[in-house]
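Chain by chain, the residues:
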Amino acid sequence: MTERLDFDAIIIGAGFSGLYQLYKLRDEIGLSVQIFEAADNVGGTWYWNRYPGARCDSESHTYCYYFSEKLLKKWEWSERYPGQAEILEYLNFVTDTLRLRNNIRFNSRITKSEFLESEKIWLVTDNSGKLYRSKYVINAVGCLSTANKPDIPGIKKFNGKIYHTGEWPHEEISFSNKRVGVIGTGSSGIQAIPVISETARFLTVFQRTPNYSVPARNQKLSTEFINDFKNKTQDWLEKMLLSRGGHAWPLPLKHAFDTPEQERLEIMNDAWQNGGLGFRECFDDILTNTTSNKIMSEFLKDKIRSIVKNPERAKALSDIDHPFSTKRPPIDTNYFETFNKPNVSLVDIRKDPIKEIFTKGLRTFSDEFELDIIVFATGFDAMTGSILKIDIRGRDNSSIKNIWSAGPKTYLGLQVAGFPNMFFLTGPGSPSVLTNMPRAIEQHVDWVTDCISHMESNNLNSVEATPEAVENWVDHVNDTANNTLLPKAKHSWYLGANVPGKPRVFMPYTGGLNKYRDICNKIAKDGYAGFLFS
Ligand code: N01
């Protein structure tokens with residue numbers, strides 16, 4: 001560390017990505033590193049998303065770090081999908097095992113990062129106004145960590161309680177004897193609704209966009225599975241690295257459209273019985289072939305109609321207007337079954353939109369609902385929200401907010417032109433949210449660490465993506481997305497469509513994590529093509 005620096009590297013955020021980045025830069029390269037974290041503990045999205053039913057949709061033995069055999073051997077997951085509390089426990093276990101805590105400043109939100117051209121360093125400000133000087137800044141702020149809170153007229157007048165799934169309180173919230181309204185039927189709502197319905201006096205679900213969902217089929221992991229997994233961790237890793245999404249499911253080999261009907265029904269029924277996001281892997285062409293996608297979409301709509309007994313409700317729930325998997329598909333435990341319960345009702349707010357919140361509840365344009373609790377399961381200002389909350393100023397005081405006014409522009413999701421020595425972990429333009437996140441995170445952290453190591457061992461002062469590299473990559477990200485059905489879901493948060501006023505740009509890279517990793521590795525091998533060093 002030079003005298004003029006407080007740290008060699010500042011990392012913003014102590015979730016999955018920030019923790020691993022700290023370990024790599026501190027323990028492998030020997031830099032002085034500090035994480036700044038707004039919460040009072042580690043966990044990132046798993047610290048905040050503690051709503052009833054919160055559970056990861058990736059399978060537990062794949063939803064963890066693989067860089068350390070020691071961590072893999074020491075930790076034992078209890079269920080097929082880890083619950084929020086268990087993931088938080090895991091991240092605390094990692095933090096303590098790797099002795100990371102002393103390099104994390106909690107309750108400290110970074111509000112500004114400013115590049116000082118003359119010194120080639122970053123000046124970083126926290127919420128108390130303190131300034132820190134650092135050579136590198138790594139934004140590990142998470143893709144889904146800024147809650148999207150709709151500005152519904154009258155919201156301040158409500159006499160009951162309002163909670164957002166993404167900012168759930170730490171104390172126990174009781175729904176017993178309460179009239180509860182849930183707004184939103186994405187992954188969070190679909191997990192929370194069945195659990196809330198177990199104790200609420202009455203639950204009203206306000207649905208804007210009906211959604212597909214596949215049963216999770218969660219279960220306890222057997223000792224046999226756990227032992228077998230521990231003996232074969234590298235086989236599991238290999239499977240994940242070969243796949244587009246960083247999951248360990250068998251790779252699909254068949255197209256849906258030309259597989260005989262009986263056979264494809266068997267494939268889909270088996271996958272339905274097995275449950276989980278692996279259902280997407282029935283066929284290899286569901287995101288590229290409209291006919292194939294329709295086959296799977298219709299199969300799932302039939303399932304909804306067969307589960308939900310009230311025909312009007314079944315229609316409202318299955319009247320889905322986007323191809324399957326073009327929005328992130330939720331997985332559930334008894335979601336559609338919940339609509340058969342006598343204490344649950346469904347309001348189609350696409351037909352009858354929310355007009356206002358009033359003292360005693362919520363009004364649509366043609367009805368009124370008295371409520372004690374309103375739960376916003378309305379998702380996130382995804383991928384860019386947490387980055388743009390920070391006033392980031394690069395060369396010539398240029399603001400990232402202005403540069404991204406028409407949508408995010410990055411090279412590989414890792415860097416923005418004009419912002420030297422600043423990196424974004426799982427940033428827009430990388431596969432990130434389309435994958436099993438720990439695999440995307442490890443790949444990004446490893447790449448950034450190699451890049452910084454290259455700089456340190458060659459006494460380089462700065463690295464920066466060139467404007468041409470950014471333009472070309474943005475074009476490639478758009479072309480790749482447009483070769484799939486993904487942009488067809490016009491109300492998808494992948495496109496920023498859930499946040500009023502947000503530019504409609506397909507943000508994650510759809511080329512697959514396996515292909516993306518090869519691209520990143522090749523770029524590094526070719527002398528970091530598209531990056532300028534000084
Ligand atoms: O958010 P969402 P989420 N008025 O944006 C509706 C990850 N995740 O928190 O579709 C009324 O998906 C909105 O309607 P519409 C996962 O990647 C992972 O559920 O915009 N309704 C939608 O129904 C996931 O995809 C896990 O028309 C409004 C819902 O609210 C991502 O996080 C668990 C509205 C929001 O759904 C986000 O999921 C949970 C408004 N003004 C989440 N604004 C695990 O792996 C929005 N909606 C465990």
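Residues numbered from 1 in each chain as written. Predicted model: local features only at pLDDT ≥ 70, side-chain atom pairs only at ≥ 80, totals over all residues. Heavy atoms only, no water.

**Details of the overall build of the chain**
The condition that has to hold: Secondary structure elements are defined from DSSP: runs of H or I of at least 4 residues count as helices, runs of E of at least 2 residues count as strands, and each element is numbered from the N terminus. Throughout, radius of gyration means the C-alpha value; the globule benchmark is 2.2 Å times the number of residues raised to the power 0.38. Exposed residues in this analysis have more than 50% of their type's maximum accessible area, buried residues have under 20%, and partly exposed residues fall in between, with area computed by a 1.4 Å probe over protein chains only. Should any heavy atoms of two residues lie within 4.5 Å, those residues are counted as being in contact. The method behind every accessible area is Shrake-Rupley, applied with a 1.4 Å probe, and residues are considered shielded solely by the protein chains displayed. A positive count includes Lys and Arg, and a negative count includes Asp and Glu. His and the chain ends are not counted in either. For charged residues, the charge sits on one atom: NZ in Lys, CZ in Arg, CG in Asp, CD in Glu.
For the chain, the helix and strand inventory stands at 16 helices and 20 strands. Radius of gyration (C-alpha) of the chain: 23 Å, near the 24 Å computed for a compact globule of 534 residues. Referenced to the eigenvectors of the C-alpha coordinate spread, the extents of the chain come out at roughly 70 × 55 × 45 Å. Expressed as a percentage of the 534 residues in the chain, the buried residues total 60%. Across the chain, every contact between residues at least 6 apart in sequence was considered, and the portion connecting residues at least 24 apart equals 73%. As displayed, the chain offers around 22,200 Å² of accessible surface, 49% of which is attributable to carbon and sulfur atoms. Side chains of the chain carry 64 positive and 64 negative charges; the gap between the two charge centres is 4 Å.

**Quick notes on the sheet that holds strand β12 (residues 344–348)**
Rules: Following DSSP output, two strands are said to pair if at least two bridges run between them. An axis is simply a line fitted to the C-alpha atoms; with a helix, the fit covers only the stretch in contact. Between two such axes, the angle follows the N-to-C directions and lies from 0 to 180 degrees.
Spatially, the five strands line up as an open sheet ordered β7-β16-β8-β9-β12, and their pairing is parallel. Of all strands in the sheet, those bounded by a partner on one side alone are β7 (161–164) and β12. The mean inter-strand angle of the sheet, taken between neighbouring strand axes irrespective of direction, is 20°. Sheet topology note: the strand β9 (residues 202–207)/β12 ladder contains five bridges and is parallel.

**Re the environment of F202**
Tracing the backbone shows F202 in strand β9. Sequence separation between F202 and V344 is 142 residues; the distance between their C-alpha atoms is 5.9 Å. Leave out the neighbours within four places in its chain, and F202 touches K178, R179, V180, P342, N343, V344 and S345.

**Here's the deal with the state of the cysteines**
Spelled out, the test is: Any pair of cysteine sulfurs within 2.5 Å is marked as a disulfide.
Throughout the structure, instances matching the rule amount to zero disulfides. In this structure C64 is not part of a disulfide, and its nearest cysteine sulfur, from C56, lies 10 Å away.

**Some thoughts on the site of the ligand**
Applicable threshold: It suffices for a single heavy atom of a residue to lie within 4 Å of a molecule or strand for the residue to be listed as near it. Polar contacts, as used here, are pairs of N or O atoms within 3.5 Å; protein pairs need one atom able to donate a hydrogen and one able to accept it. Residues neighboring in sequence count only if both atoms are side-chain atoms. Three residue categories are used. Nonpolar comprises Ala, Val, Leu, Ile, Met, Phe, Trp, Tyr, Cys and Pro, charged comprises Asp, Glu, Lys and Arg, and polar comprises the others, including Gly.
Around the ligand sit 26 residues, and of these R55, S188, R208, T209 and K327 come closest. One of the side-chain N or O atoms of S188 is found 2.6 Å from an oxygen atom in the ligand. Isolated, the ligand exposes 900 Å² of accessible area, and the fraction of that covered by the protein chains is 89%. Take the shell around the ligand: its biggest share by element is three residues, from helix α5 (residues 187–199). Residues that form the shell around the ligand fall into these classes: ten nonpolar, eleven polar and five charged.

**Notes on unusual backbone geometry**
Positioned with a positive phi, R99 is a non-glycine residue whose angle comes to about 50°. Positive phi, close to 60°, is recorded for Y528, a residue that is not glycine. By the element assignment, Y528 lies in the loop between α16 (513–525) and β20 (531–533).

**Description of the environment of V477**
By secondary structure assignment, the location of V477 is in helix α15 (residues 467–482). Residues V477 and K360 lie 117 residues apart in sequence; the distance between their C-alpha atoms is 47 Å. Sequence-distant contacts of V477, that is, excluding residues within four places in its chain, are made with G429, F506, M507, P508 and Y509.

**Looking at the sheet that holds strand β13 (residues 354–358)**
Strand order in the open sheet formed by three strands is β13-β14-β15, and the pairing between neighbours is antiparallel. Bordering the open sheet on either side are β13 and β15 (368–370), each of which pairs with just one other strand. Within this sheet the neighbouring strands show an average axis-to-axis angle of 15°, counted without direction. Bridging between β13 and strand β14 (residues 361–364) involves four bridges; their strand directions are antiparallel.

**A look at the packing of helix α1 (residues 16–29) against helix α14 (residues 437–457)**
Worth spelling out the cut-off: Helix crossings are classified by the rotation of the near helix relative to the far one: an anticlockwise turn of less than a right angle makes the crossing left-handed, while a clockwise turn makes it right-handed.
Interaxial distance between α1 and α14 falls to 9 Å at its minimum, and their mutual angle equals 30°. As for the relative orientation of α1 and α14, their crossing is right-handed in sense. In contact with F16, S17, Y20, Q21, K24, L25 and I29 of α1, α14 contributes P438, I441, E442, V445, D446, V448, T449, I452 and S453.

**Details of the packing of aromatic side chains**
Applied cut-off: Aromatic pairs are defined between Phe, Tyr and Trp rings, using the six-membered ring for Trp, whenever the two ring centres lie within 6.5 Å; interplanar angles under 30 degrees are classed as stacked, those over 60 as edge-to-face, and all others as tilted. Geometrically, a lysine NZ or arginine CZ counts as sitting over a ring once it is within 6 Å of the ring centre and also within 35 degrees of the ring normal.
Here the structure, examined in full by the defined rule, presents 42 aromatic pairs. Note on F16 and Y65: the rings are 5.1 Å apart at their centroids and 55° apart in plane angle, and the pair reads as tilted. Of this pair, F16 sits in helix α1 while Y65 sits in the loop between α2 (45–48) and α3 (69–74); the two residues are 49 residues apart in sequence, bridging distant segments of the chain. Exposure remark for F16: the relative accessible area of 7% places this residue in the buried category. Members of the aromatic cluster, each reached through a chain of ring pairs, are F16, Y20, Y23, W46, Y63, Y65, F67, W75, W77, Y90 and F93. The ring centre of Y47 lies 5.1 Å from the NZ or CZ of R50, which sits over that ring. If you follow R363 out to its NZ or CZ, it ends over the ring of F358, 3.9 Å from the centre.

**Describing the side chain of T233**
Within the secondary structure layout, T233 lies in helix α7 (residues 233–242). Once residues within four sequence positions are removed from consideration, T233 is found in contact with Y66, E69 and L72.

**Some details on the layout of surface pockets**
Applied cut-off: A pocket, in this scheme, is an open set of points on a 1 Å grid over the protein atoms alone with protein on both sides within 12 Å along at least 5 of 7 lines, while a cavity is a set where a 1.4 Å probe fits but cannot get out; residues line either one if an atom lies within 4 Å of a point. Grid points are joined across faces, edges and corners, and a volume is the space filled by probe spheres set on the points.
Estimated volume of the second largest pocket: approximately 650 Å³. Forming the walls of the second largest pocket are 30 residues, and the residues nearest its centre are R244, G245, E281, L287 and T510. In terms of residue class, the lining of the second largest pocket is made up of 13 nonpolar, 13 polar and four charged.

**Regarding the side chain of K230**
Here K230 shows up in helix α6 (residues 223–231). Apart from the residues lying within four places of it in its own chain, the contact partners of K230 are E69, L72, K73, W75 and E76.

**Concerning a negative patch on the surface**
So the rule is basically this: Patches draw on residues past 30% relative accessible area with no salt bridge. Two like charges within 9 Å are joined, as are two nonpolar side chains (Val, Leu, Ile, Met, Phe, Trp, Tyr) within 5 Å. By convention in these notes, a salt bridge is any Lys or Arg side-chain nitrogen within 4 Å of a carboxyl oxygen on Asp or Glu.
Together, E468, E471, D475 and D479 line one region of the surface with negative charge. Positionally, E471 belongs in helix α15.

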